[in-house]
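These are the residues of each chain, in order.
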Amino acid sequence: EEKAIAERNAQYKNVWVLVEQTEGIVAEVSWELLGEGRKLANKRGSEVCALIIGAGVRNICADAFHYGADKCYLIDNPVFKEYRTEPYFRACCDMIHKHKPEIVLMGATGLGRDLAGAVATELQTGLTADCTELDIDPKGNLMQTRPAFGGNIMATIMCDKFRPQMSTVRPKVMQLAPISENPKSEIIEETVDIPATSIMTKVLEIIREKKGSSDIDISSTEFIVAGGRGMMSKENFSILNELADELGAVVAGSRMAVDAGWVSHTRQVGQTGKTVRPVVYIAVGISGAIQHMVGMQDSDMIIAVNKDKDAPIFEVANYGIVGDLFEVVPAMTKKIREAKASAQH
Amino acid sequence: MQVIACIKQVPDTTQVKIDPVTNTLVREGIPFIVNPYDTHALEAALDLKDKYGVSVTVVTMGPPNSANALKKALAMGADRAILLSDRAFGGADTLATSKVITAALAKLQGEEEIGLIFCGKQTIDGDTAQVGPGIASRMKIPQLTLVDNVEEFTPASKKIRVRRKLEGRYERVESKMPALVTVVREINSPRYPTVPTRLKSFNAPIETWDNSDLKIDPETIGLKGSATWVSKIFSPEREKGEIVGDGINAPQEAAAQLIDKLLSKDVLSF
Ligand SMILES: Cc1cc2nc3c(=O)[nH]c(=O)nc-3n(C[C@H](O)[C@H](O)[C@H](O)COP(=O)(O)OP(=O)(O)OC[C@H]3O[C@@H](n4cnc5c(N)ncnc54)[C@H](O)[C@@H]3O)c2cc1C
Ligand SMILES: Cc1cc2nc3c(=O)[nH]c(=O)nc-3n(C[C@H](O)[C@H](O)[C@H](O)COP(=O)(O)OP(=O)(O)OC[C@H]3O[C@@H](n4cnc5c(N)ncnc54)[C@H](O)[C@@H]3O)c2cc1C
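Keep in mind that what you see is a predicted model, and the values were worked out from it rather than measured.

Conventions and cut-offs
- Residues numbered from 1 in each chain as written.
- Chains lettered and ligands numbered in written order.
- Predicted model: local features only at pLDDT ≥ 70, side-chain atom pairs only at ≥ 80, totals over all residues.
- Heavy atoms only, no water.
- Near = heavy atom within 4 Å.
- Polar contact = N/O pair within 3.5 Å; in protein donor to acceptor, adjacent residues only side chain to side chain.
- Areas by Shrake-Rupley, 256 points an atom, 1.4 Å probe, with all protein chains shown as cover.
- Helix = DSSP H or I, 4+ residues; strand = E, 2+ residues; numbered from the N terminus.
- Nonpolar A, V, L, I, M, F, W, Y, C, P; charged D, E, K, R; others polar.
- 1 Å grid on protein atoms, 1.4 Å probe; cavity = no way out; pocket = protein on both sides within 12 Å on 5 of 7 lines; lining within 4 Å.
- Points joined across faces, edges and corners; volume = space filled by probe spheres on them.
- Salt bridge = Lys/Arg side-chain N within 4 Å of Asp/Glu carboxyl O.
- Disulfide = S-S within 2.5 Å.
- Buried < 20%, exposed > 50% of the residue type's maximum accessible area, 1.4 Å probe, protein only.
- Lys, Arg positive; Asp, Glu negative; His and termini not counted.
- Pairing = 2+ DSSP bridges.
- Domains from an automatic or database assignment.
- Axes fitted to C-alpha atoms, helices over the stretch in contact; angles between N-to-C directions.
- Contact = heavy atoms within 4.5 Å.

**Section: the site of ligand 2**
Then, number 1: Around ligand 2, a shell composed of 34 residues is seen, among which Arg146 of chain A together with Lys8, Asp38, Thr94 and Thr128 of chain B lie nearest.
Then, number 2: Site remark: ligand 2 is flanked by residues from chains A and B.
Then, number 3: For ligand 2, an oxygen atom lies 2.8 Å from a polar atom in the side chain of Thr123 of chain B.
Then, number 4: Bound to the protein, ligand 2 loses 93% of the 930 Å² it would expose on its own.
Then, number 5: For the shell around ligand 2, the secondary-structure elements that each account for two or more residues are β7 (127-131), β9 (142-148) and β10 (153-158) of chain A together with β6 (55-61), α3 (94-111) and β8 (114-120) of chain B.
Then, number 6: Residues that form the shell around ligand 2 fall into these classes: 16 nonpolar, twelve polar and six charged.

**Overview of the site of ligand 1**
Residue and element names in this part refer to chain A.
Then, number 1: Among the 25 residues in the neighbourhood of ligand 1, the closest are listed as Arg229, Ser254, Thr272, Ser287 and Asn306.
Then, number 2: Between ligand 1 and the protein, one listed contact pairs an oxygen atom with a backbone N or O atom of Gly273 at 3.3 Å.
Then, number 3: At 2.7 Å from an oxygen atom of ligand 1 is found a side-chain nitrogen or oxygen belonging to Asn306.
Then, number 4: Those elements that provide at least two residues to the shell around ligand 1 are α7 (255-259), α8 (290-293) and α10 (325-344).
Then, number 5: Considered class by class, the residues forming the shell around ligand 1 number six nonpolar, 14 polar and five charged.

**A few points about empty space enclosed by the protein**
Then, number 1: What the rule picks out here adds up to three cavities of 30 Å³ or more.
Then, number 2: Taken together, 13 residues make up the lining of the largest cavity; nearest its centre are Arg84, Thr85 and Thr201 of chain A together with Gln143 and Leu144 of chain B.
Then, number 3: Elements supplying a minimum of two residues to the lining of the largest cavity: α4 (85-99) and β13 (201-208) of chain A together with β9 (143-154) and β11 (169-176) of chain B.
Then, number 4: For the lining of the largest cavity, the residue count by class is five nonpolar, three polar and five charged.
Then, number 5: Empty space within the second largest cavity amounts to approximately 60 Å³.
Then, number 6: Residue lining of the second largest cavity: Gly117, Ala120, Thr121, Thr125, Gly126 and Leu127 of chain A together with Thr94, Leu95, Gln130 and Gly134 of chain B, and that is the complete set.
Then, number 7: Residue assignment for the lining of the second largest cavity shows that the elements contributing at least two residues are α5 (110-123) of chain A together with α3 of chain B.
Then, number 8: Looking at which element gives the most residues to the lining of the second largest cavity, the answer is α5 of chain A, with three residues.
Then, number 9: Residues that form the lining of the second largest cavity fall into these classes: three nonpolar, seven polar and no charged.

**Considerations on the pattern of salt bridges**
Then, number 1: Across all of its chains, the model carries 40 salt bridges over all chains by this definition.
Then, number 2: Here Lys140 of chain B ties to Glu122 of chain A by a salt bridge, and the two come within 3.9 Å at their closest N and O atoms. One end of the pair, Lys140 of chain B, is in the loop between α4 (131-139) and β9; the other, Glu122 of chain A, is in helix α5, on a second chain.
Then, number 3: Lys224 of chain B serves as the salt-bridge partner of Glu219 of chain B, at 3.7 Å between the closest nitrogen and oxygen.
Then, number 4: Look at the salt bridges and you will find they share partners, linking Asp114 of chain A together with Arg164, Arg169 and Glu171 of chain B into a network.

**A look at the state of the cysteines**
All names here are of chain A.
Then, number 1: This model, assessed by the stated rule, comprises zero disulfides over all chains.
Then, number 2: In this structure Cys92 is a free cysteine whose sulfur lies 6.8 Å from that of Cys93, the closest cysteine sulfur available.
Then, number 3: On the basis of relative accessibility, which here comes to 1%, the residue Cys92 falls in the buried class.

**Considerations on the side chain of Arg146 of chain A**
Then, number 1: Relative to the helices and strands, Arg146 of chain A is located in strand β9.
Then, number 2: Despite being buried, Arg146 of chain A has no salt bridge partner; Asp127 of chain B is the closest side chain of opposite charge, sitting 4.8 Å away.
Then, number 3: Within the local environment of Arg146 of chain A, its side chain forms a polar contact with the backbone oxygen of Gly126 of chain B, the two atoms lying 2.8 Å apart.

**Concerning unusual backbone geometry**
Then, number 1: Cis peptide bonds are those with omega within 30 degrees of zero, and the linkage from Arg163 of chain A to Pro164 of chain A qualifies with -5°.
Then, number 2: Examined against the element boundaries, Pro164 of chain A turns out to sit in the loop between β10 and β11 (165-169).
Then, number 3: Omega for the bond connecting Met177 of chain B with Pro178 of chain B falls within 30 degrees of zero, at 0°, which places this linkage in the cis form.
Then, number 4: Structurally, Pro178 of chain B is set in the loop between β11 and β12 (179-183).
Then, number 5: Of note in the backbone geometry, Asp130 of chain A takes a positive phi value of approximately 55° without being a glycine.
Then, number 6: Tracing the backbone shows Asp130 of chain A in strand β7.
Then, number 7: In this structure, Asp266 of chain B is a non-glycine residue whose phi angle is positive, near 65°.

**Quick notes on the pairing of strand β6 (residues 103-107) of chain A**
Residue and element names in this part refer to chain A.
Then, number 1: Of all five residues in β6, five are buried; the element is thus mostly enclosed.
Then, number 2: The two faces of β6 match: Ile103, Leu105 and Gly107 on one face and Val104 and Met106 on the other face are all buried.
Then, number 3: One ladder, built from five bridges, connects β6 with β11; its direction is parallel. Residue Ile103 lies in a different strand from β11, and its bridge partner there is Gln165.

**Notes on the domain arrangement of chain B**
Then, number 1: Domain boundaries in chain B define domain 1 (2-225) and domain 2 (239-269).
Then, number 2: Between the C-alpha centres of domain 1 of chain B and domain 2 of chain B there is a distance of 46 Å.

**Looking at the sheet that holds strand β14 (residues 229-234) of chain B**
Then, number 1: Pairing within the open sheet is antiparallel, and its four strands lie in the order β8(A)-β9(A)-β10(A)-β14(B). Sheet topology places β8 (133-136) of chain A together with β14 of chain B at the edges, where each strand pairs with a single neighbour. Averaged over all pairs of adjacent strands, the angle between their axes in this sheet comes to 25°, without regard to strand direction.
Then, number 2: Two strands pair when backbone bridges link them, and β9 of chain A and β10 of chain A are joined in this way by five bridges, in the antiparallel orientation. Considered in β10 of chain A, the bridge of Pro147 of chain A is made with Met154 of chain A.
Then, number 3: Packing of helix α2 (residues 28-44) of chain A onto the sheet brings it into contact with β8 and β9 of chain A, and relative to β8 of chain A it is tilted by some 15°.

**As for the pairing of β8 of chain B**
Residues and elements named next belong to chain B.
Then, number 1: Taken across its seven residues, β8 has seven buried, putting it largely inside the fold.
Then, number 2: Bridge count for strand β1 (residues 2-6) against β8 is four bridges, and the pairing is parallel. Across the sheet, Ala5 pairs through a bridge with Phe118, a residue of β8.
Then, number 3: The pairing of β8 with β12 spans five bridges and is classified as parallel. In the sheet register, Gly120 faces β12, and the bridge partner there is Val183.

The structure is reproduced here in C-alpha cells:
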C-alpha cells in the first residue's frame, strides 16, 4: 500500500498559488504566497506557478511574474467576473486534475477559505486551515503549522498520504518576495466549459466599505488604538482620537468602554465583540481580561499603556509603558508629530 | 420544508492549555459549550421557523455527551435533534466530518425536503471553517459563506437572498435552494430559552444515529477516512515583551523611546 501511495504522490509536482482577485484587485496575500511558494519549490526542486482565474485579468500575470511565478495558468472568461464558488470551484478542480500540483496554497481570506474547503472535499484530499508556517520534512512532505483553540495552541498538520497537499495561509504572515529582476513570462491559457446558465447563484451587488464610515470594520484595519475603563470618560477619548489620527488608526474599545457608552458596540474587541489582527494594536487603560485578549492576541504587534505594572495585558504586549495614560498618550502623539515634521525636512 | 442547523460542542477554548510534560491538550475540567457561531446558525434557522413555519432540525456529530448541546438547541426551540455518534466517527478531520454529516442530511432529506442548512462561520476549537463548504460540495448545492443577513427567503420559488461579509466589502447574493449558509455573529442575537421550551426539552427525545443507520464505508470516516493528521501540538511562542522607559516618573521620555523603537523597526514610517 505504501508503495502505491508513493507512486501516486510522485505524479504530483510543483507548488501552485491561487491568485485571489475581486474586481481585478489582487489580495496582497497572494503575492506573499508566491514568495513562500518559491521557498517550498526550491526545497522540492520544482516550480512555483500562479493560477489566475477571472474576467479580463490577463494583466495580473505580469504582476505574478514580478512576484516570482515561474508560470501563470490563466483562465479568462466572463463567467468569472464576480467570485462565485461554483464556477471557481470547477475551474480549480479541473486544473488540479489536469496538471497535478503537489502543493496548492490559497489565502486564508473569506474567499480563499470558501473556495479551498469546497475544492479539497471534491478532490478528496486534506486541507489545513489558516497556516502561519510551512516547511518541507525530510521525506518531502509539507509540514503545515497553524494556530487552533483560539490561538492558545499551535499544531503541525500533515497530509502525506494524499495529493495535492492544500493549505490556506493567513495574510500578513509570509514575506513578500523581492520583485524579480528577470521575470519569467510563460502564460498557459486554459479554458473551462461552464455554461453561465448552469450556475445557481448570482452576485447582485458588491458594496465596498468606505474608510471613516461609522461602522468601519475593525477586523480589517491595520492600526487600532483601543481604550478601556482607564479612559474614565467619553470626553477623554479625544486623546485617543488624536493619536489615532496621527497613526491613521481606528479607535476601538474593551467591553467596559463599550458598555459605558464611550465607544460604539461595532468597535468592541473580544470574545463577544470582534476578533482583530492589525499590524499594531495599542491597548490603553485596558487590563487584559481573557475575554478581551482572545480578540486581539494575534495582532502582529501589541503595545500596552497601563498604570498597573501587574496588568495581564503586559503578558501579551510586545512593548509596554507603565504609567498614567493621560501623560503617556499625549506624549506619544507629540513625538509622532515631531517625527513627521522632521521627516519632511 | 425543514431547515437544518449544524452545531458542535466545543471546549471553552479560553481555558485550554498544553501539558508541558506530555505535550498534549489538557481537557480535564474544561467546560463544554455550544460553539458560539453555531448558536447564531440555530437562531437563523429558528427565525425562519417563526416567520415561515419551517421545521428546524439540529444535527451534531460527536461523543455521547454532545447530547447536551442538542438539549440546549431544543430548549431554544428546535423541533428535532439528531446525534451522530459512533466510535468509527472519532478522530475525524474536516473531510471525514463532512462525510458523516452529509450522509445524515441525505437520510433526513428522504423524510422531509431540506431548504437550507445553516452552519457557523467556524468553530472556536478546530477553527478551520471547512466543514460547511465540505458539506455543500458533497451535496452539490450552492454554498453561501459568511452571511450576516438573510434578506429574503422565498420557499415557493426556492430562492434566497443574503448578504455576505468579506474583508472590507459586502456582497449581496441570490441563490437557489437548497443551499448551505454559514453565518457570522453579526447576523442576529441568539434567543434565550423560554420556560415552556425549556420544560419541553427536558423530556424531548434525542435520536442517536450510528454507522449502522448511515452505512458509510468505514474506510472513509473517522481517523481512517481523514486525509490530515496532527503530527505535533505545542504552545505558541511569544517573544517576551519589553517595558519601555520609566513611564511613571518620565512619561515624555518613555513615550519618545517607544515611538523611536517603532520607527527603527519600520512598524511606523513617515
Ligand atoms: C461572557 C463574557 C464575555 C465578555 N466579552 C468581552 C469582550 O468581548 N471584550 C472585552 O473587552 N471584555 C469582555 N468581557 C469583559 C471582561 O471580562 C472585562 O471585564 C473587560 O474586558 C475589562 O475591561 P477594561 O480592561 O477596559 O477594564 P478594567 O478591567 O477595569 O481595566 C481598566 C485598566 O485601566 C487601568 N487604568 C486605570 N486608570 C488608568 C490611567 N490613568 N492610566 C493608565 N491605566 C489606567 C487599570 O490599571 C486597569 O488595568 C466579557 C466578560 C464575560 C463574562
Ligand atoms: C489542533 C487541531 C487542528 C486541526 N486542524 C485541522 C485542519 O487544518 N484541517 C482539518 O481538516 N481538520 C483539522 N482538525 C480537525 C477538525 O477540528 C475536525 O475535523 C472537526 O471535526 C471539524 O472541524 P472544525 O472544528 O474546524 O469545524 P469548522 O469547519 O470550523 O466548523 C464550521 C461549522 O461546521 C459545523 N460543524 C463542524 N463540526 C461539526 C460537528 N462535529 N457536528 C455538527 N456540525 C459541525 C458547525 O456549524 C460549525 O460552525 C484539527 C483538529 C485539531 C485538534
